[in-house]
Amino acid sequence: MKEKVLQKLRVLADAAKYDVSCSSSGSSGGGGSTRSAGICHSFTEDGRCISLLKILFTNHCIYDCTYCVNRRSNDRPRAAFTAKELAGLTGEFYRRNYIEGLFLSSGVMVSPDHTMERLNEVVRILRQQYRFGGYIHMKTIPGADPLLVQEAGLLADRLSVNIEIPTEQQLIRLAPEKNFSSVFRPMDQINREAGISRQERKKHPKAPRFAPAGQSTQLIVGATPETDFTILKLASGLYRQQQLKRVYYSGFMPVNSHDARLPALQKPPLVRENRLYQADWLMRFYHFRFDEILDEKNSQLDLQLDPKLAHALRNPQLFPVDLDKAPYELILRVPGIGVRSARIIMANRRHGHIGLSQLKRMGVALNRARYFICCRELPAAAASLYPEQIKQRLLKKGEGQCRQLALF
Amino acid sequence: MKPNREKVAYVFDGSLEGFYTAVFMAFRDKTEPSRFLAANAGQQIPLLEQLRHAPADPALAARVDLGVAKRSGAKNACMLKLAFRSGQEDVLLLIWRYLCRLFDCPDGSFCRNMLDPDVWDVLQAARRVKREVHRFHGFVRFRKTADGFWFALIDPDNDIVDLLIPHFRGRYAARPWVIYDARRNRGIWYDGKKSHDVVLENKAFSLSDGTLPPAAVADDEEHYCRLWQHYYHSVSIAQRPNQRQMKAAMPRRYWKYLPEKQSGHRQ
Ligand code: SF4
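Residues numbered from 1 in each chain as written. Chains lettered and ligands numbered in written order. Predicted model: local features only at pLDDT ≥ 70, side-chain atom pairs only at ≥ 80, totals over all residues. Heavy atoms only, no water.

A word on the nonpolar core
And then number 1: Among the nonpolar cores identified, the biggest contains 199 residues, and Phe 93, Met 138 and Tyr 249 of chain A together with Trp 177 and Ile 179 of chain B are the most heavily contacted of them.
And then number 2: Look past the residues within four positions of Ile 179 of chain B in its chain and what remains in contact with it is Val 140, Phe 142, Ala 152, Ile 154, Val 161, Leu 164, Phe 168, Gly 187 and Ile 188 of chain B.
And then number 3: Counting residues in hydrophobic clusters, the runner-up holds 10 residues, among them Phe 151, Ala 182, Val 198 and Val 217 of chain B. (Core = buried A, V, L, I, M, F, W, Y, C linked by side-chain atoms within 4.5 Å. Buried < 20%, exposed > 50% of the residue type's maximum accessible area, 1.4 Å probe, protein only. Contact = heavy atoms within 4.5 Å.)

Details of the state of the cysteines
And then number 1: One pass over the full model with this rule turns up one disulfide over all chains.
And then number 2: Looking at the unpaired Cys 100 of chain B, the closest cysteine sulfur is the one in Cys 105 of chain B, lying at 13 Å. (Disulfide = S-S within 2.5 Å.)

Here's the deal with the domain arrangement of chain A
Residue and element names in this part refer to chain A.
And then number 1: Looking at the assigned domains, one finds that chain A contains domain 1 (3-293) and domain 2 (307-397).
And then number 2: Its C-alpha centre places domain 1 at a distance of 37 Å from the equivalent point of domain 2.
And then number 3: The partner domain 2 presents 12 residues to the 13 residues of domain 1 that form the contact.
And then number 4: Across the interface of domain 1 and domain 2, roughly 1100 Å² is buried in total on both sides, 62% from carbon and sulfur atoms.
And then number 5: Interface area lost by domain 1 to domain 2 is led by Tyr 286, His 287 and Phe 288, which between them contribute 44%.
And then number 6: Counting across the domain 1 and domain 2 interface gives one salt bridge.
And then number 7: A salt bridge links Glu 292 to Arg 333; the nearest nitrogen and oxygen atoms lie 3.1 Å apart.
And then number 8: Between the two partners, domain 1 and domain 2, sit four residue pairs in polar contact (both at pLDDT 80 or more).
And then number 9: Contributions of two or more residues to the side of domain 1 that touches domain 2 are made by α8 (270-285) and α9 (290-293).
And then number 10: Ranked by residue count, the leading element in the side of domain 1 that touches domain 2 is α8, at five residues. (Domains from an automatic or database assignment. Buried area = accessible area lost by both parts, 1.4 Å probe. Salt bridge = Lys/Arg side-chain N within 4 Å of Asp/Glu carboxyl O. Polar contact = N/O pair within 3.5 Å; in protein donor to acceptor, adjacent residues only side chain to side chain. Helix = DSSP H or I, 4+ residues; strand = E, 2+ residues; numbered from the N terminus.)

A look at the interface of chain A and chain B
And then number 1: Residue-level contacts link 51 residues of chain A with 54 residues of chain B.
And then number 2: Between chain A and chain B, a total of about 5100 Å² is buried, with carbon and sulfur atoms accounting for 56% of that surface.
And then number 3: On the surface where chain A and chain B come into contact, there are five salt bridges.
And then number 4: We note a salt bridge from Glu 221 of chain B to Arg 96 of chain A, for which the minimum N-O separation is 3.0 Å.
And then number 5: Inspection of the chain A/chain B interface yields 30 residue pairs in polar contact (both at pLDDT 80 or more).
And then number 6: It is helix α1 (residues 2-16) of chain A that contributes the most residues to the side of chain A that touches chain B, eight residues altogether.
And then number 7: Residue classes in the side of chain A that touches chain B are distributed as 23 nonpolar, 11 polar and 17 charged. (Nonpolar A, V, L, I, M, F, W, Y, C, P; charged D, E, K, R; others polar.)

Observations regarding the domain arrangement of chain B
All names here are of chain B.
And then number 1: Parsing chain B into structural domains produces domain 1 (6-132) and domain 2 (140-261).
And then number 2: One C-alpha centre belongs to domain 1, the other to domain 2; they are set 32 Å apart.
And then number 3: Taken together, the contacts link seven residues of domain 1 with eight residues of domain 2.
And then number 4: With both sides pooled, the region where domain 1 packs onto domain 2 buries about 640 Å², and carbon together with sulfur makes up 40% of that total.
And then number 5: Taken together, the links from domain 1 to domain 2 amount to one salt bridge.
And then number 6: In this structure, the salt-bridge partner of Arg 85 is Asp 162, at a minimum N-O distance of 2.8 Å.

Considering the sheet that holds strand β3 (residues 50-53) of chain B
Two orientations exist for strands paired in a sheet by backbone hydrogen bonds: parallel and antiparallel.
Residue and element names in this part refer to chain B.
And then number 1: Across the sheet, three strands lie side by side as β2-β1-β3; this open sheet has parallel pairing. In this open sheet, the two strands that pair with only one neighbour each are β2 (32-38) and β3. Here the average twist between neighbouring strands, direction ignored, is 30°.
And then number 2: Pairing between strand β1 (residues 7-12) and β3: four bridges, direction parallel. The partner of Val 11 across the bridge, within β3, is His 53.
And then number 3: Across the sheet, helix α4 (residues 91-103) touches β1 and β2, and the angle it forms with β2 is around 140°. (Pairing = 2+ DSSP bridges. Axes fitted to C-alpha atoms, helices over the stretch in contact; angles between N-to-C directions.)

Structural notes on the packing of helix α2 (residues 83-95) of chain A against helix α7 (residues 221-235) of chain B
And then number 1: Where α2 of chain A meets α7 of chain B, the closest approach of the two axes is 11 Å, and the angle between their N-to-C directions is 95°. The angle between α2 of chain A and α7 of chain B falls in the class roughly perpendicular. Here α2 of chain A contributes Leu 89, Glu 92 and Phe 93 of chain A to the contact with α7 of chain B, which in turn contributes Tyr 224, Leu 227, Trp 228 and Tyr 231 of chain B. (Parallel < 35°, antiparallel > 145°, perpendicular 65-115°, else oblique.)

The structure is reproduced here in structure tokens:
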């Protein structure tokens, strides 16, 4: 019995790890970024936060998506938990404070409805028998009955429907059994029901909650030819229309033997993935619109420079910024100044001039910021360089490179 | 700081009350504290310095605390108490300097400029304490004992064990647990309703890895611990190693009581 669970855990945790939704790659700590209040219980050797037990209910799958390890045409060890086993495992991990909760996903076994029913059962046992108060994030299975999605929403904190491939045409090419409506229908349903529940709860505080932590999705980057502009435009729309809480970007990693429909990559495009996360942060916390970060002409993120720096260099007319007077939104646009520093500047500048020592104290990256602010203590020449010169200097020193994750 | 004040080292019992008593004495006697020594910290007491003992006096301590709250608000008084828990060596002198400036400034405006170095340093110390509390909401690892108890050993940089109570009380409802600070040799025992300070006399646990002797742990403890270790190692993606980031987020000094970071258990 015990050995059996261990075997299943091995197979099904391994199969789940390529889904990066728990990660915060590209936005790690520091730098004054507004980090989510989530609790990390551990960190993996690849630097990601472990907060939830991220696992598949089963890796059996009747579908054959090109980019997925679990597709039916792969010859791999397969396993499936029983609902009781998985609920028990989650409960015991939670009691030891290994995890904050469960991130439950699955391959499609028998049919979408059959699978979704199993997932709901795991969560129902946890909530009702174990009185489990931890966090639960569930994947909804594309094609599952709306009633099952509704039940899931009443049990889980967050739901997600993965889009995976950013355009429908490419999605159908790589995942013949899927299309955009199988993704957007449940997304819209979740958004609608969550909205209704929020309204209801204003009138009756005891009314049931529906996915109170909202919904998220994932996009695979680099498996198909979409530009970063297309991807950011899609993400921006998802944040506004479907009110998603997060969009995750996952650099495509070839996990299957070569398939002519996919590019032959040696390594996942990690730098690009990181740049997308940074651009995403600019949209969510720095008041940037997607079409300020990129446009039809500049449709790819610069791999050498972080997107905020790239924006500043393309818009020299905005700089240098006078930190003693400029509005918050403009201060946020200065490379090297993060959200926390910008707030500190706003709250404290009436007490006196914001000079170099103050900036250093709050952790502003002066090596970048110096070219974009006016400051008595800095040689006046720095802020009057041409964008090309600034870029040369920064690149020579290795600033803005991808090694530095917590940029801005 | 006024010149020509007598330099005195204050010895107190390590408690906040003791420290505020020492602060009160220093103000009253118009001395310049060269340092504040927690008597239990085992520090070398320099021979050349004048030494004064400050036996904790609740009434005097309360006057300091109230003075802070009156000048700068209750929130700020809490912030200072948080900073006091810092394990940072110079923190007590930083707080002393902060208090001197605060009491020199009748309207309390001094502490509203957080970019003033004397304010900033204390705020940072408090911030680091808060951050560690948050980290330990994740890094505490409970082990189930044979008699149905839940036990966790921690070794944080700052004195935070009692600040963990609200989080774990909320999380585990009526379940009894102990969280024990190995370095400071004190812990919290939550009996399912109330929490108590405890000092364990016979230490059955291992200080090197936080484990309990096999006879003392529940039957299934080893099993779940192993499952967790397997889980930990199987979720890392080998193609994208990033040890640097992992160690920044989870510094090595925290590893010893995390079962997943103990060597010898790897697959
Ligand atoms: S449906 Fe999901 S699990 Fe199945 S092959 Fe496609 S992506 Fe993989």
